[in-house]
Structure formats: structure tokens, C-alpha cells
Amino acid sequence: MITATPPPKETKNYLNAEHGLKSWLLTQDHKRIALLYLIAVSAFFVVGGIMAVLIRLELATPAGDLMDSNTYNKVFTMHGVIMIFFFLIPSIPAILGNFLLPLMIGAKDLAFPRINLISWYVYMLGGCFGVFVLLSGGVDTGWTFYTPFSTTYSNGYVVMTAMAAFINGFSSILTGLNFIVTVHRMRAPGLTWFRLPLFVWAHYATSVIMILGTPVIAVTLFLLMLERGLHIGFFDPAYGGDPVLFQHLFWFYSHPAVYIMILPSMGVISEVISTFSSKKPFGYTFIAFSSVAIAVFGFLVWGHHLFVSSQSAYAGMVFSILSYIVAIPSAIKVFNWAATMYKGSVRLEAPMLYALGFIGLFTVGGLTGLFLSAMGLDVHLTDTYFVVAHFHYVMVGGAIMGYQAGIHFWWPKMFGRMYPRAWATVAAALTFVGFNLTFFPQFILGYMGMPRRYHVYPPEFQVFNVLSSAGASVLGLGYLIPAIYLLWSIKNGEIAGPNPWGATGLEWQTASPPPTENFEVTPVVTTEAYDYTALKLTQEVAHVG
Amino acid sequence: MDSHAEHHVVPKSVYFAVFFTLIALTWVTAWISTKDLGSSSLNVAVALSIAVFKASLVVMFFMHVKYGTKLTKMIVCIGIVWLLMLLFIAMMDIWTRTWMGVPGR
């Protein structure tokens, strides 16, 4: 049983270094900015989650009895826009990446602290546009903004929503830029590239995608605004445009965007698996380079979203082959995580449970992606619930499970307090069960031919939809419980100590919560990453001492 | 670190020269758009060539890449390669769309 621990004599740390709202809103401390992101991103997750609840309630019966088709279109669009642009993309990089990257490389802060704060304000500005759209009637294009519907026929706030995503993109670019420069220029003495934690490699690869891909979506959305507002022809053949060009440009960013969501998660999983197996990750170099390979190959596969458009079948063949190739670096990671656990001292703490959940769910998501990369099968499955299930297995089962693993792993470092482990175990189990109950029936629905984005459906599909809606309730509980105990733990949790999990890595060598300047003395790195032998020796010496 | 790259001070005259070149090339672009060069493709090619040259001036002088380190130059090159990749692969679709006949036509 966990009992409330009286607060100890407080040491100076980033949380109590300054007080007052102004000290938070004008802070340049990467850790405080990470918490600003945590609050904002969590708020958007709640809003996107409410939209998901409405969708699942509507789909519990075959008839459209909760809302009409227009409202349903707006609800699933806002669910997608909020969850992708305002939750999934910034979640791990902007919260955990911001907090941990300087700590992991032994730096006092990111390379550009002011730009870091600006990125949060830019994110909030984009968020304001999103909230405005939500409150003033919404948009019904789907998060993909496909033309010609978005440019010609939609009556919703298309330009405003595109503007929200456009502005938000700059926040991503600034964060990516900051991470790349920080990793190049601010590593502690002795911390060579191949001594970097895999979390840092994953964030470096993610940052490359952010910088190279995000400008393209910004330009694409700008072109969309120009065509919708000023009838300048880019996509409409009537004005001299190309009907598939929007999809090419959109997916050039939006497919790699999936890797912006999943790569940081993979970085978290590498850290968690290694720590809770007390073993150096099997094939460190392969895992590190597979992150870079995913970032590069991820840019070459976008055409598999266009198989049923008027895209050339020959181009489709090339995209199909390339899509199969991108599975290889992902598989390298999964096999290496499994090999890391083999003969390791595995401890099934909450972060590890989330990580194991990630491996299972991401593997299902990844393998069903191969189904969709096969041109013939994709004709049958395009725009069905199979696709919905597939990308939720990757984005929710993968990215959010990784995010939860990371939050549970580094929470004691962020706040210096432990959460109730029993409740965390329950939450991890509920999330895994609820997730599968929600989304596995959708594979079957899709295979049976139920299209996505419809609020009414034939009665024979109801049983799987009811299963899915019931699962969503369990999944919701799996998200609600951690929110409660994590908030509770900030004041009432056990004192965590600097290294409660027995992990390697520089972030565990400083106090929990860390001081504003991260380290009292700049650390000097003399060993390889994940050197558990050295850690054990240090602990034994400390124990004897 | 190449200290020369970090501390290079560009004379104002260079900035003014680049600025006026950009203005002049904008005027040339507008002027040439009123001329028929024989085919619309040629007009587009000339306009794009001028635009690429103008962009290069901005990148080299206003963004200081000409005086930057090898790493900076490499990152700029990667950006250009990525842009070419987008254009080339998207064009791959457009070039081959008509290879396969449309049923009924």
C-alpha cells in the first residue's frame, strides 16, 4: 500500500526555482516548456477524445440517431485534426523530447531556449484557430482536406482549419531545428554519437522529418487556401490544375508524419525495454540506424495512399515495393527489442507493460500496413474500417502506448514522486484490453466492406460496432485512471529519488526533479551507453560506502 | 569549427548588389511572361530558371550559406535533394499515367 509521504525539506529544482504565472509563461527552461506542452497537449487530447466518444456512441446503432450526417462529418474531422496535428505529432517530441533531450546529452538546455518558448506559443496560436473552428461550426473535409471537396464544395471553415495546421507546422519545424542543433553542438564531453541513448537517435531522425516534411504540408495547405479563396488553379483541372497533385503533396508530408508520431515512441520503448531488462539493447547500432532509415524511406512511400486514385499503375508498383522496404527497419527494431529481453532480468513494472503492449500492437499495425501496400488487396480495403483499424493500431496502439510508457517511466524524474504502481498496472492492462476490443473488430468490419466516414450502416455490422464501442469505454477508463493517479502523485506520491528504476543514462544521474541548470557539474561520459555493469559497480560502491 | 565561417562580415555593398539583382530579375520575369517564346513550355522553363537563380542568390548571400560551414552546406544540399525527390517521384506518376490504356477508350 502506498502511503502519503510528508514533503521533505525542498531542494531547489526547476519546479520551485521561480513562482507565479509569469515565471511559467516567460520561462526559457526546457523542462518548464515541456510541462507547458504537457498541459496544452493533454487538453487537446481530451477534446479529441470527446469527439471519439461521440463517434462511438453514434456507431453503437445502425441508424443515425445521435446526429445527422453533416454533424458526423464534422465530428470525425475534428477528431482527426485535433488528434493528429495537436496531440500525436507534438506529444512525445514536445513533452518528453523537450524535457529529456538536454538531460540525456548532459546539456543545460536546448540550443535555442527562446525559440523553444516561441514554438509553444506558435502551437497555442494554431490551437486557437482550431478551437475557433470547433466553436463556430466545424469543418467536414476529414483531416486529409482532399480536393476538390475542400476547395469547391465544403461549406465548413476549411481555410481556418488549414491555417490552424499551417501555423502548428511552424511549431514542429522550430522544435526539430532546436533538437538537431542541440544534438550536434551541445553533447557532454565524451558523449560520442554512438554513446547517445537510442531515444536521442529517434528524436534526431524525427527532427529530420519535421524539418524536411513540414514545409511541404504548409505549402500544400497554402495552395489549397489560394485555390479555394482566389480560384488559382493548382488542383482543379478546370483551372489547369492536376486532380491528384493535392494527394501527392499532402501525403509527401502526411505519411512521414506517421513516423513523426511513431519514431519518438520507438525511442521511448528502446529505453524502457533496456532498463527493465537490465541489458544493453541488442544491436544498438542497428536500432540507431534503423531510425534514420525509417526517416529516409518514409519519404518514398506516399503513393500507396493513392492506389485507387488516377495515379499511374506503374508509379503504384514502385510505391508498393518501397512500402514493403520500409517495413524492414521497423522489423529490425521489433526483433532487437525481443532479443534484448531474451535472458534479461525482466521486471514487469508499468512502463514495461506499456512497452510490451506497444510491441504487440505496433506489430499488428505494421503488418496490416503490408496488406494495404499490396495494390490488389488495397483496392478492396481502401476507405474501409480495415484502414481505420490499421492506423489506429499504429498511432494509438503504437504512438500513444509509447507515450504512456514514457510518461510512466520518466514521471518520477519530472516530478520527483512515484505514482501508485498497482493502479498503473491496472491501467496498462485496461488500455491493452480496451484497445484491442475497440479496434480489432474494425479489421473484420473493414474486410466485410463497411466503409469509413458513414454514420449509418447495414444492421449485420452492428455486433462488431457494439464490441468496438464497448471497447472504447474500457479504453477511456484506461486513459482516465492514469490521469487521476498521476495528478494525485504530484503532491502525494512516494519520494522517487534520482534513479528509481536502476536505469543508465545521464538524466538519472541528477536529482529528481532536476535543478534548473540540470547538472551541478557538467558530466563527463567515459562509458558506452547502457553500461549496466558500471552502474551496478557504482551502486555496490555506494552501498558499501 | 571554421572560425572564418562564424565571423565572416559581408560588406553592405554585396547585400545591395544582390537586392538590386533580385529586383531586376523580377522585372525580367514579368517582362518575359508577355513574350511568346514559341511554346508555353519554354516560357515556363525560362521563368523557372530565373526563379531558381533568384532563390540561389537568397540562399547564398542573404542566408550566408556561401560563408557557412561544410555541415551547413550539406544540410542545404539535403533540402534540395528532398525537393527534387518530391518533384521527380510525383512526376513519375504524371509521365506514366497514359502508358496503360483506359478501358473503353
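Computed from a predicted structure; not experimentally measured.

## Structural notes on the overall build of chain B
(1) Moving on: A count of helices and strands for chain B gives four helices and zero strands.
(2) Moving on: Ordering the α and β elements of chain B from the N terminus gives α-α-α-α.
(3) Moving on: Sequence separation of 24 or more characterises 50% of the internal contacts of chain B that already satisfy a separation of 6 or more.

## A short note on the overall build of chain A
(1) Moving on: Counting its secondary structure elements, chain A contains 16 helices and zero strands.
(2) Moving on: Radius of gyration (C-alpha) of chain A: 23 Å, near the 24 Å computed for a compact globule of 545 residues.
(3) Moving on: Put simply, chain A has 545 residues, and 53% of those count as buried.
(4) Moving on: If you take every contact in chain A between residues at least 6 apart in sequence, the share linking residues at least 24 apart comes to 84%.

## A word on the domain arrangement of chain B
(1) Moving on: Here chain B is partitioned into domain 1 (1–68) and domain 2 (69–99).
(2) Moving on: A C-alpha centroid distance of 20 Å is found between domain 1 of chain B and domain 2 of chain B.

## Details of the interface of chain B and chain A
(1) Moving on: The interface of chain B with chain A comprises eleven residues on the first partner and 13 residues on the second.
(2) Moving on: Of the residues in the side of chain B that touches chain A, the class split is seven nonpolar, two polar and two charged.

## Quick notes on the packing of helix 9 (residues 284–297) of chain A against helix 10 (residues 313–341) of chain A
Two quantities define a packed helix pair, namely the angle between the axes and the distance from one axis to the other.
Residue and element names in this part refer to chain A.
(1) Moving on: Orientation of helix 9 relative to helix 10, taken along the N-to-C sense of each, is 155°, at an axis distance of 9 Å. Considering their axes alone, helix 9 and helix 10 lie roughly antiparallel with respect to each other. Considering the relative orientation of helix 9 and helix 10, their crossing is left-handed. Counted together, F286, I287, S290, A293, I294 and F297 of helix 9 and L322, I325, V326, P329, S330, I332, K333 and N336 of helix 10 form the full contact between these two elements.
(2) Moving on: Here the residues of the contact of helix 9 with helix 10 sort into ten nonpolar, three polar and one charged.

## Overview of unusual backbone geometry
(1) Moving on: With an omega of 5°, the peptide bond running from T147 of chain A to P148 of chain A counts as cis.
(2) Moving on: If you trace the backbone, P148 of chain A turns up in the loop between helix 4 (113–135) and helix 5 (149–153).
(3) Moving on: Geometrically, the link from S512 of chain A to P513 of chain A is a cis peptide bond, its omega value of -10° lying close to zero.
(4) Moving on: Mapping P513 of chain A onto the fold places it in the loop between helix 15 (462–492) and helix 16 (532–544).
(5) Moving on: The backbone phi angle of F145 of chain A is positive, close to 55°, even though this residue is not glycine.
(6) Moving on: Tracing the backbone shows F145 of chain A in the loop between helix 4 and helix 5.
(7) Moving on: The phi angle at H64 of chain B is positive, at roughly 65°, despite the residue not being glycine.
(8) Moving on: Within the fold, H64 of chain B resides in the loop between helix 3 (40–62) and helix 4 (70–96).
(9) Moving on: A tally of 13 C-beta atoms within 10 Å means that H64 of chain B is categorised as partly exposed.

## Points about the packing of helix 3 (residues 69–104) of chain A against helix 13 (residues 385–415) of chain A
Residues and elements named next belong to chain A.
(1) Moving on: For the pair helix 3 and helix 13, the least separation of the axes is 11 Å and the interaxial angle reads 25°. Taken as axis vectors, helix 3 and helix 13 run roughly parallel relative to one another. The handedness of the crossing between helix 3 and helix 13 comes out as left-handed. Residues L88, S91, I92, L96, F99 and L100 of helix 3 form the contact with helix 13, whose own contacting residues are M395, A399, G402, Y403, G406, W410 and M414.
(2) Moving on: For the contact of helix 3 with helix 13, the residue count by class is ten nonpolar, three polar and no charged.

## A look at the environment of S469 of chain A
Residue and element names in this part refer to chain A.
(1) Moving on: Tracing the backbone through its elements, the reader meets S469 in helix 15.
(2) Moving on: Residue S469 is classed as buried on the basis of its C-beta count, with 20 C-beta atoms lying within 10 Å.
(3) Moving on: Separated by 408 residues in sequence, S469 and T61 have C-alpha atoms that sit 9.9 Å apart.
(4) Moving on: If we skip the residues at most four places from it in the chain, S469 touches R56, L57, L59 and A60.

## Focus: the environment of Y37 of chain A
Residue and element names in this part refer to chain A.
(1) Moving on: Within the element layout of this structure, Y37 appears in helix 2 (residues 30–58).
(2) Moving on: Given 26 C-beta atoms within a 10 Å radius, Y37 is considered buried.
(3) Moving on: With 398 residues separating them in the primary sequence, Y37 and F435 have C-alpha atoms 25 Å apart.
(4) Moving on: For Y37, the contacting residues outside a window of four places in its chain are P90, A94, I95, N98 and W120.

## Brief notes about the confidence of the model for chain B
Residues and elements named next belong to chain B.
(1) Moving on: Mean pLDDT over chain B works out to 88, with 90% of the residues at or above the 70 mark.
(2) Moving on: Averaged over each element, pLDDT in chain B is lowest for helix 1 (residues 3–7) (54) and highest for helix 2 (residues 12–32) (96).
(3) Moving on: Among the scores for the predicted complex, ipTM is 0.82 and pTM is 0.92.

## Here's the deal with helix 8 (residues 245–277) of chain A
Residue and element names in this part refer to chain A.
(1) Moving on: Between the first and last C-alpha of helix 8 there are 48 Å, a value that for 33 residues agrees with the 48 Å anticipated at 1.5 Å per step.
(2) Moving on: The largest bend in helix 8 is about 35°, located at W251.
(3) Moving on: For helix 8, the buried fraction is high: 32 of the 33 residues fall into the buried class.
(4) Moving on: Phi turns positive one or two residues past the end of helix 8, at S278, with a value near 50°.

Rules of the game
- Residues numbered from 1 in each chain as written.
- Chains lettered and ligands numbered in written order.
- Predicted model: local features only at pLDDT ≥ 70, side-chain atom pairs only at ≥ 80, totals over all residues.
- Helix = DSSP H or I, 4+ residues; strand = E, 2+ residues; numbered from the N terminus.
- Contact = placed C-beta atoms within 7 Å.
- Rg over C-alpha atoms; globule rule 2.2 N^0.38 Å.
- Buried ≥ 20, exposed ≤ 12 C-beta atoms within 10 Å, placed from the backbone.
- Domains from an automatic or database assignment.
- Nonpolar A, V, L, I, M, F, W, Y, C, P; charged D, E, K, R; others polar.
- Axes fitted to C-alpha atoms, helices over the stretch in contact; angles between N-to-C directions.
- Parallel < 35°, antiparallel > 145°, perpendicular 65-115°, else oblique.
- Left-handed = near helix turned anticlockwise from the far one by under 90°.
- pLDDT = per-residue confidence, 0-100.
- Expected span 1.5 Å × (residues − 1).
- Bend = angle between axes of the 7 residues up to and from the residue.

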